[in-house]
Amino acid sequence: MGLNCGIVGLPNVGKSTIFSAVTSAPAEAANYPFCTIEPNVGIVSLPDKRLDNLSELFHPKKTVPAIVEFVDIAGLVGGASKGEGLGNKFLSHIRQVGVIAHVVRCFDDKDIIHVSNKVDPASDIETINIELALSDLETVEKRKVKTEKLLHAGKDAAKAAQAELEVLEMLNKALSDGKPARSIEFTDDQLAIVKDLQLITMKKQLYVCNVDEGSAKDGNQYSKIVEEIAAKEGSAAIVVCGKLEAEIAMLETQEERKEFLEMAGLEESGLVRLIHAAYNLLGLRTFFTAGEDECRAWTFHEGDKAPQAAGVIHTDFEKGFIKAEVYSYDDIMELKTEQQIKLAGKLRIEGKDYVVQDGDVMHFRFNV
Ligand SMILES: Nc1nc2c(ncn2[C@@H]2O[C@H](COP(=O)(O)OP(=O)(O)O)[C@@H](O)[C@H]2O)c(=O)[nH]1
Ligand SMILES: [Mg+2]
C-alpha cells in the first residue's frame, strides 16, 4: 500500500485548491527516486522542527526532510461505482492510496455551484461513503462467487473457504447498510482475509472541512457536523480554509507567510496539520541521520526493527546489517555534540531486534 494520501470528495468542494496549496513547494524529487511523478501526484515535505534543530547543530551541506505523497483524485460523484463520472478509473486510483483525505464543503458561496444545490455536509459525506461502500460490495460479491466454488474442493480448502465466506458475509451485511468495512471488529485471522481484498472502506479516513476565511480558526456550523460524524466513526477531522491556504502558498518567504497567518489569527497553516495528520494515520514515524554532510529525516513504519529502518536508506544496509548506533533527539539537543553523547554514556549499540523509536538518531554498521 502506498505511503500516500488520496484527496477525495464531491466536485467543487475544494480538492484541487487544497492539493495545489499543499504541493506548492514541492520537495526536491531527485531525493526520492521511488516516488511516482504524475500531474495529480505531489510530493510534500513533512515540516519537522526537530530536523531544523539538528541542522543548526551539525551545519550540514544538505538537509532533507521526510515526505508524504498527496494524490488529487477527481471524478467521484453519486453513481461512480456504476461507472458514472470517471467512475472505475477513479476507484482504481483510490484503491492504491494508503489513507483518504475526504474534503467536505463547509463554505457558502453562491458563485460556486454545489452539485446538489445546497451546502449539506452530512448528505455529501453520505453520498461519497455510499459510493465507496458500493464499490467494495462489488469486490466482496465477486470474491464470494469464487470462494463458493472451493466449498466442494478438498477438505482443507473447503474449510478455508467456509471461514472466508463467513467474513464475506459480515462485509456484505455492513457494506449493504452503507457502513465502512473498518467499522467491523475482526479477529486477526479474519483480518488477514480482509486485507487480501484491498477494500477502500478499510482505509483510514481523515475528514477535511473546507471552511470560509472567517471560520478558519474556530470552524463553523457545517464543520461541527462533520466533526460529529467523524467522531462517531472514530475518524479524524480537521478544519482548513482552502482559499486562504492557496493565498498563503503564493507568498514567497517564510516571514510573509507567518505574518499572513498571524493576521488571520492562525498559529500554523492548516496544511501543516493536514500533512501531519496524514503521516500519522499512515502509521509513519521518523528517525534521523545526522552529520556534516547531511541531516535527514527518514520514514519508517511504527514497530519496524533496526534492519528494516536501515533498509529505508538502502537495501544493502538491510541485507548486510550488523548493528546500529543510536541516540535520541532529546539527548543531542541537551548535550550538543556526539562526543558529549558518548561521554555521557548515551550512545547505545542496538542489534537486529531493536524496535526503532520516533526521534532516534541512527548510524548503521553494515557489511556487503
Ligand atoms: N469561497 C470559497 N471558495 C472556495 C474555497 N475552496 C475552493 N473554492 C472555490 O471552489 C471552486 C472549486 O474548487 P476546486 O478546488 O477546483 O474543487 P474540486 O472540484 O473539489 O477540485 C473554485 O472556484 C475554488 O476557487 C473556499 O474555501 N472558499
Ligand atoms: Mg478538482
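Scroll up to find the structure.
Bear in mind that the values here come from a model prediction, so they are computed numbers and not experimental data.

It is worth spelling out the overall build of the chain at this point. On a plain count of helices and strands, the chain comes out with 14 helices and 12 strands. Against the globule reference of 21 Å for 368 residues, the chain gives a C-alpha radius of gyration of 23 Å, in line with a compact fold. Dimensions of the chain, computed from C-alpha atoms along their principal axes, come out at roughly 65 × 65 × 35 Å. A total of 368 residues make up the chain; the buried ones form 47% of that total. Of the contacts made within the chain by residues no fewer than 6 positions apart, 70% connect residues no fewer than 24 positions apart. Carbon and sulfur atoms make up 51% of the accessible area of the chain, which amounts to about 19,100 Å² in all. The chain carries 42 positive and 59 negative side-chain charges, and their two centres are separated by 5 Å.

So, on to the layout of surface pockets. Considering only enclosed or pocket space, the largest pocket measures out at about 1,100 Å³ in volume. Of all the elements in the fold, those that place two or more residues in the lining of the largest pocket are α1 (15-22), β2 (41-45), α2 (49-58), α8 (242-250), α9 (254-263) and α10 (270-281). Of all the elements, α9 adds the most residues to the lining of the largest pocket, at 6 residues. When the residues that make up the lining of the largest pocket are grouped by side-chain class, the tally is 15 nonpolar, 6 polar and 10 charged. In this structure, the second largest pocket occupies an estimated 720 Å³ of space. Around the second largest pocket, the lining comprises 25 residues; the ones closest to its centre are Gly-98, Lys-195, Met-202, Lys-203 and Lys-204. It is helix α6 (residues 188-197) that contributes the most residues to the lining of the second largest pocket, 3 residues altogether. Partitioned by chemical class, the residues of the lining of the second largest pocket number 11 nonpolar, 8 polar and 6 charged.

This part covers the site of ligand 1. Lining the immediate surroundings of ligand 1 are 15 residues, of which Asn-12, Lys-15, Ser-16, Thr-17 and Asp-109 lie closest. Asn-12 is positioned such that a nitrogen or oxygen atom in its backbone is 2.7 Å from an oxygen atom of ligand 1. Interatomic distance of 2.9 Å between a backbone N/O atom of Ser-16 and an oxygen atom of ligand 1. Within the residue set of the shell around ligand 1, elements represented by two or more residues are α1, β6 (205-211) and α8. If one sorts the elements of the shell around ligand 1 by residue count, α1 sits on top with 3 residues.

Bringing the sheet that holds β6 into the picture now. Strand order in the open sheet made by the 6 strands is β2-β4-β1-β5-β6-β7, with mixed pairing throughout. Each end of this open sheet is capped by a strand with a single partner; those strands are β2 and β7 (236-240). Averaged over all pairs of adjacent strands, the angle between their axes in this sheet comes to 25 degrees, without regard to strand direction. Bridge count between β2 and strand β4 (residues 67-72): 5 bridges; the pairing is antiparallel. The residue of β4 that forms the bridge with Val-41 is Val-71. Across the sheet, α1 lies against β1 (4-8), β2, β4, β5 (99-106), β6 and β7, angled at about 150 degrees from β4, the strand it touches most. This element, helix α7 (residues 221-233), spans β5, β6 and β7 of the sheet and lies at about 175 degrees to β6.

As a further point, take the packing of α8 against α9. Where α8 meets α9, the axes come as close as 9 Å, and the angle between the chain directions of the two elements is 155 degrees. When the axes of α8 and α9 are compared, the pair comes out roughly antiparallel. The crossing of α8 and α9 is right-handed. Contacts between α8 and α9 involve Leu-244, Glu-247, Ile-248 and Ala-249 from the former and Arg-257, Phe-260 and Leu-261 from the latter. Classifying every residue of the contact of α8 with α9 gives 5 nonpolar, no polar and 2 charged.

In this section: the nonpolar core. Formed by 53 residues in total, the largest nonpolar core has its most connected members in Phe-70, Ile-94, Val-208 and Leu-274. The element best represented in this core is α10, accounting for 6 residues. Each of domain 1 (4-48 + 67-117 + 204-281) and domain 3 (303-366) gives at least three residues to this core. Discounting residues that sit within four places of it in the chain, Val-208 has contacts with Ile-18, Ala-101, His-102, Val-103, Val-104, Ile-238, Val-240 and Leu-274.

All right, on to the packing of aromatic side chains then. For the coordinates displayed, the defined rule picks out 6 aromatic pairs. Each ring, one from Phe-287 and one from Phe-300, has its centre 5.9 Å from the other, and the planes form 45 degrees; the classification is tilted. On the criterion of sequence distance, the pair formed by Phe-287 in strand β8 (residues 284-290) and Phe-300 in strand β9 (residues 294-301) is long-range, its members being 13 residues apart. Given a relative accessible area of 2%, Phe-300 falls into the buried group. We note Arg-296 situated over the ring of Trp-298; from NZ or CZ to the ring centre the distance is 4.0 Å.

Definitions and limits used
Residues numbered from 1 in each chain as written. Chains lettered and ligands numbered in written order. Predicted model: local features only at pLDDT ≥ 70, side-chain atom pairs only at ≥ 80, totals over all residues. Heavy atoms only, no water. Helix = DSSP H or I, 4+ residues; strand = E, 2+ residues; numbered from the N terminus. Rg over C-alpha atoms; globule rule 2.2 N^0.38 Å. Buried < 20%, exposed > 50% of the residue type's maximum accessible area, 1.4 Å probe, protein only. Contact = heavy atoms within 4.5 Å. Areas by Shrake-Rupley, 256 points an atom, 1.4 Å probe, with all protein chains shown as cover. Lys, Arg positive; Asp, Glu negative; His and termini not counted. Charge placed at Lys NZ, Arg CZ, Asp CG, Glu CD. 1 Å grid on protein atoms, 1.4 Å probe; cavity = no way out; pocket = protein on both sides within 12 Å on 5 of 7 lines; lining within 4 Å. Points joined across faces, edges and corners; volume = space filled by probe spheres on them. Nonpolar A, V, L, I, M, F, W, Y, C, P; charged D, E, K, R; others polar. Near = heavy atom within 4 Å. Polar contact = N/O pair within 3.5 Å; in protein donor to acceptor, adjacent residues only side chain to side chain. Pairing = 2+ DSSP bridges. Axes fitted to C-alpha atoms, helices over the stretch in contact; angles between N-to-C directions. Parallel < 35°, antiparallel > 145°, perpendicular 65-115°, else oblique. Left-handed = near helix turned anticlockwise from the far one by under 90°. Core = buried A, V, L, I, M, F, W, Y, C linked by side-chain atoms within 4.5 Å. Domains from an automatic or database assignment. Phe/Tyr/Trp six-rings, centres within 6.5 Å; stacked < 30°, edge-to-face > 60°. Lys NZ or Arg CZ within 6 Å of the ring centre and 35° of its normal.

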